[in-house]
Structure formats: structure tokens, C-alpha cells
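# Notes for the structure review
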Amino acid sequence: MSKEVVDRAFEPFFTTKEPGKGSGLGLSRVYGFVRQSGGFVTLASTVGIGTRLSIYLPPSPKSLSEHVVVNQLLVASAARTGTILLVEDDSGVLALVIEMLNDLGYRVITASDAHGALEIVRRGEPIDLILTDIVMPGGKTGVHLAAEARALRPDIKVLLTSGYPGEALARHEPMDIDWPIIAKPFRQRELATRLQSLLEGRVDASTSKGRSA
């Protein structure tokens, strides 16, 4: 890797692959996990020779175990039942979020683009909330999906997600954007809180509207 690539290797959504070929979340997940565990990561690379990634983890003290248990309890306390339509075209991100939602007790239906999601909505599947990426293939964005799905079924809640909300929403007119957004990468605890707030119909002060993104 070049020095420029090494400097950004752990940055969420940074990738040297072609658009649609990689999420850029692999190393950022590794970095986040290791740092949360009290360790650190080093990356050394020389162009034409090779790359070495070193992970250093501390022993597992009782205090760390207690911290993990507390976090698990906090996530579990926010768990709810319901059906989420998850719309995501990146297979890696899709698998990660499915795991998060299943752990929280939600039933998950998936689609890879807005067209597929709308077919599911039209079929009358029981859906409580649509969690959708903003930028997707097929010509329709998550904003288009949100508007069309709500026109078909006004009871469905919507939560948009994007790694770059401002850029993703720039193509839309401000008047078209009135949906809550959660920025990628998000943690399970944050996702649980946002979903619970929306499904219970509470006003969440931490919710970012598209027009202010």
C-alpha cells in the first residue's frame, strides 16, 4: 500500500475498490473492535513487498467482562419485537445489520434496492419500519423509497442510513426530505435506541432530519 492508502486504511467506508465492489468497512470494524477491547492495531506496508497488520489485545480482566455484560444488558433492555424491512445493496453491511436486528429481537425482511423493497410493500407483508440506505442501484434512492412506501402504506415508519448523509441527500430538493437519518457506521445500541423511539412514536431529539444534514 502507498503511504496515502495506509493513512486512510482504518477510515470507515474508505476503499480502493471500484464503486459497488467493496464497503470499506472491514478494517474499520477490526479497528473499532480492538480499540473497544482496550487494545491497538498497527499497519505497516511497503509497495511491492507486502503488508503486516498487527493486533494487540490486553488480558481479559474482570472489569472488562463486567463492561461487556453491562453493554449487553443495555442493548437487551432496548430490544423490541416487530418487522423491519432492511434495504441494503452491500452484502457485508447487510449481513452485519441483519445480525444486529436479530439480536434485538426483530424479524427482518431484506431487499437489495428500492424496486425490490416496493414489491414487498405492495404484497402487503407485515412491516413496521423500513431501514434503508440512501444511495442504491436501480435509479431510486432511499428517499424515493420512503416517499413511495409511505404513499402506499402510511403506517410504515422509515429510518434512512448513509455513510455520507449530506452528499447522499444533495441530489434531492429540501422539500422532499423529511426523514430521520442514522449515520454509518452505527453501533447496535444506537440503532436499538433509534428504532425504539420511532416505533413507539416518540420524538427523539437526537434524530437528524434530512433537511438539516
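Residues numbered from 1 in each chain as written. Predicted model: local features only at pLDDT ≥ 70, side-chain atom pairs only at ≥ 80, totals over all residues. Heavy atoms only, no water.

### A closer look at the overall build of the chain
When helices and strands are counted, the chain shows 8 helices and 8 strands. Here the chain, with 213 residues, has 39% of them falling under the buried criterion. Considering only contacts within the chain whose residues lie at least 6 apart along the sequence, 60% involve residues at least 24 apart. Carbon and sulfur atoms provide 55% of the accessible area of the chain, an area that totals close to 12000 Å². (Helix = DSSP H or I, 4+ residues; strand = E, 2+ residues; numbered from the N terminus. Buried < 20%, exposed > 50% of the residue type's maximum accessible area, 1.4 Å probe, protein only. Contact = heavy atoms within 4.5 Å. Areas by Shrake-Rupley, 256 points an atom, 1.4 Å probe, with all protein chains shown as cover.)

### Describing the pattern of salt bridges
As a working rule, side chains carrying opposite charge can pair if their charged atoms are close by. A complete count under the given rule lists 6 salt bridges for this structure. For K184, the salt bridge goes to D133, with nearest N and O atoms at 3.5 Å. Of this pair, K184 sits in the loop between β7 (180-183) and α8 (188-199) while D133 sits in strand β5 (residues 129-133), and the two are 51 residues apart along the sequence. D133 carries the same exposure label as K184, and that label is buried. With a closest N to O distance of 2.6 Å, K140 and E148 form a salt bridge. The class for E148 is partly exposed, based on a relative accessible area of 27%. Shared partners join several salt bridges into a network, and the residues in it are E88, D133 and K184. (Salt bridge = Lys/Arg side-chain N within 4 Å of Asp/Glu carboxyl O.)

### Regarding the confidence of the model for the chain
On average, residues of the chain carry a pLDDT of 77, and 73% of them reach 70 or more. Across the chain, the element-wise mean pLDDT spans from 44 in strand β8 (residues 208-209) up to 96 in strand β3 (residues 83-87). In the predicted structure, residues 203-213 sits below a pLDDT of 50 and forms 25 contacts with residues beyond four places in sequence or in another chain. (pLDDT = per-residue confidence, 0-100.)

### Concerning the nonpolar core
Among the nonpolar cores identified, the biggest contains 18 residues, and V97, L101, L129, L131, L159, L191 and L195 are the most heavily contacted of them. Only β3, α4 (91-103), β5 and α8 provide two or more residues apiece to this core. A per-element tally of this core places α4 first, with 5 residues. Of all hydrophobic cores here, the second largest spans 15 residues; its members include L118, I120, I127 and I130. (Core = buried A, V, L, I, M, F, W, Y, C linked by side-chain atoms within 4.5 Å.)

### A few points about a nonpolar patch on the surface
On the surface, F33, L53, I55 and L57 cluster together to form a nonpolar patch covering roughly 390 Å² of accessible area. Mapping L53 onto the fold places it in strand β2 (residues 50-56). (Patch = residues over 30% accessible without salt bridge, like charges linked within 9 Å, V, L, I, M, F, W, Y side chains within 5 Å.)

### Brief notes about the packing of α4 against α8
If you want to describe how two helices pack, look at the angle between their axes and the distance between the axes. Contact geometry of α4 with α8 gives a least axis separation of 10 Å together with a crossing angle of 60 degrees. The angle between the axes of α4 and α8 places the two elements in the oblique class. Our pair here, α4 against α8, has a crossing hand that is right-handed. Residue-level contacts link V97, E99, M100, L101 and D103 of α4 to Q188, L191 and L195 of α8. Broken down by class, the residue content of the contact of α4 with α8 amounts to 5 nonpolar, 1 polar and 2 charged. (Axes fitted to C-alpha atoms, helices over the stretch in contact; angles between N-to-C directions. Parallel < 35°, antiparallel > 145°, perpendicular 65-115°, else oblique. Left-handed = near helix turned anticlockwise from the far one by under 90°. Nonpolar A, V, L, I, M, F, W, Y, C, P; charged D, E, K, R; others polar.)

### Quick word on helix α5 (residues 114-122)
Because an α-helix packs 3.6 residues into every turn, residues spaced three or four apart end up facing the same way. Here α5 has its buried residues at A114, A117, L118, I120 and V121. For α5, the buried positions fall inside an angular range of 155 degrees around the axis, keeping them on one side. Of the surrounding elements, those touching the buried residues of α5 are β3, β4 (107-111), β5 and α6 (142-152). Of the residues that open α5, the one with a side-chain oxygen 3.3 Å from the backbone nitrogen of H115 is D113. (Arc of directions from axis to C-beta. Polar contact = N/O pair within 3.5 Å; in protein donor to acceptor, adjacent residues only side chain to side chain.)

### Regarding the side chain of E88
The topology assignment puts E88 in the loop between β3 and α4. Exposure remark for E88: the relative accessible area of 6% places this residue in the buried category. Looking at E88, its side chain comes within polar contact range of the side chain of K184, at 2.8 Å. In contact with E88, not counting residues within four places along its chain, are V93, L94, A111, S112, D133 and K184.

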